[in-house]
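As a plain string of letters, each chain reads:
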Amino acid sequence: MTAALPTVADLRRSGRISSQEIVAAIDAYMIDPTAGPYLFASGYSLDVSALVASTIDPTEVANRAGPQEKTFRNAVAAVVMAAHPTVP
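Residues numbered from 1 in each chain as written. Predicted model: local features only at pLDDT ≥ 70, side-chain atom pairs only at ≥ 80, totals over all residues. Heavy atoms only, no water.

### Some details on the packing of aromatic side chains
Here is step 1: In total, this model carries two aromatic pairs according to the counting rule given.
Here is step 2: Where Tyr29 meets Phe72, the ring centres are 6.2 Å apart and the plane angle is 40°; that geometry is what we call tilted. Note that Tyr29 is positioned in helix 2 (residues 19-31) and Phe72 in helix 5 (residues 68-82), a separation of 43 residues in sequence.
Here is step 3: You can call Tyr29 buried: its relative accessible area is 11%.
Here is step 4: Residue class for Phe72 comes out partly exposed when judged on its relative accessible area of 22%.
Here is step 5: Relative to Phe40, the ring of Tyr38 lies with its centre 5.0 Å away and its plane at 70°, an arrangement referred to as edge-to-face.
Here is step 6: A relative accessible area of 1% means that Phe40 is categorised as buried. (Phe/Tyr/Trp six-rings, centres within 6.5 Å; stacked < 30°, edge-to-face > 60°. Helix = DSSP H or I, 4+ residues; strand = E, 2+ residues; numbered from the N terminus. Buried < 20%, exposed > 50% of the residue type's maximum accessible area, 1.4 Å probe, protein only.)

Here's what the structure looks like:
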């Protein structure tokens with residue numbers, strides 16, 4: 001039986017991906033949503049653009065209270081932390 005693929009949160013807890021790298025991946029997406037996969041120093045990669053496109057409904061974010069950019073960034077952070085990055 002094989003172990004489940006780790007999430008970004010699992011890799012953060014184990015120290016294989018740093019909090020700063022996660023913030024950098026989100027920042028890179030927020031600056032350029034077409035930038036392509038983000039490569040972490042550990043060799044794992046994550047296509048934040050594809051992940052966001054497949055999981056976040058922009059109309060749902062737009063209907064939430066509060067500043068829209070911060071709300072959207074929080075939604076991106078949540079899906080990034082739950083994502084299973086590509087293994088190096």
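### Digging into helix 3 (residues 48-55)
Here is step 1: Those residues of helix 3 that sit buried are Val48, Ser49, Leu51 and Val52. Down the axis of helix 3, the smallest arc covering the buried residues is 165°, so these residues share one side. Those residues of helix 3 that are exposed and aimed more than 90 degrees away from the buried face are Ala53 and Ser54.
Here is step 2: Check the buried side of helix 3 and you find it contacts helix 2, strand 2 (45-46) and helix 5.
Here is step 3: Capping the start of helix 3, Asp47 holds a side-chain oxygen 3.3 Å from the backbone nitrogen of Ser49, two or three residues further along. (Arc of directions from axis to C-beta. Contact = heavy atoms within 4.5 Å. Polar contact = N/O pair within 3.5 Å; in protein donor to acceptor, adjacent residues only side chain to side chain.)

### Comments concerning the pattern of salt bridges
Here is step 1: Applying the stated criterion across every chain yields a total of two salt bridges.
Here is step 2: For the salt bridge of Arg13 with Asp10, the shortest nitrogen-to-oxygen distance reads 2.5 Å. Remark: Asp10 and Arg13 occur in helix 1 (residues 8-13); sequence separation between them is three residues, near one turn of the helix.
Here is step 3: In this structure, the salt-bridge partner of Asp27 is Arg73, at a minimum N-O distance of 2.5 Å. Here Asp27 is found in helix 2, whereas its partner Arg73 is found in helix 5, with 46 residues between them in sequence. (Salt bridge = Lys/Arg side-chain N within 4 Å of Asp/Glu carboxyl O.)

### Considering the packing of helix 2 against helix 5
Here is step 1: Look at helix 2 against helix 5: their axes get within 10 Å of each other, and the N-to-C directions meet at 130°. Between helix 2 and helix 5, the interaxial angle falls into the category oblique. In the packing of helix 2 onto helix 5, the handedness of the crossing is right-handed. Along its contact with helix 2, which presents Ile22, Val23, Ile26, Asp27, Tyr29 and Met30, the element helix 5 presents Glu69, Phe72, Arg73, Val76, Ala77, Val80 and Met81. (Axes fitted to C-alpha atoms, helices over the stretch in contact; angles between N-to-C directions. Parallel < 35°, antiparallel > 145°, perpendicular 65-115°, else oblique. Left-handed = near helix turned anticlockwise from the far one by under 90°.)

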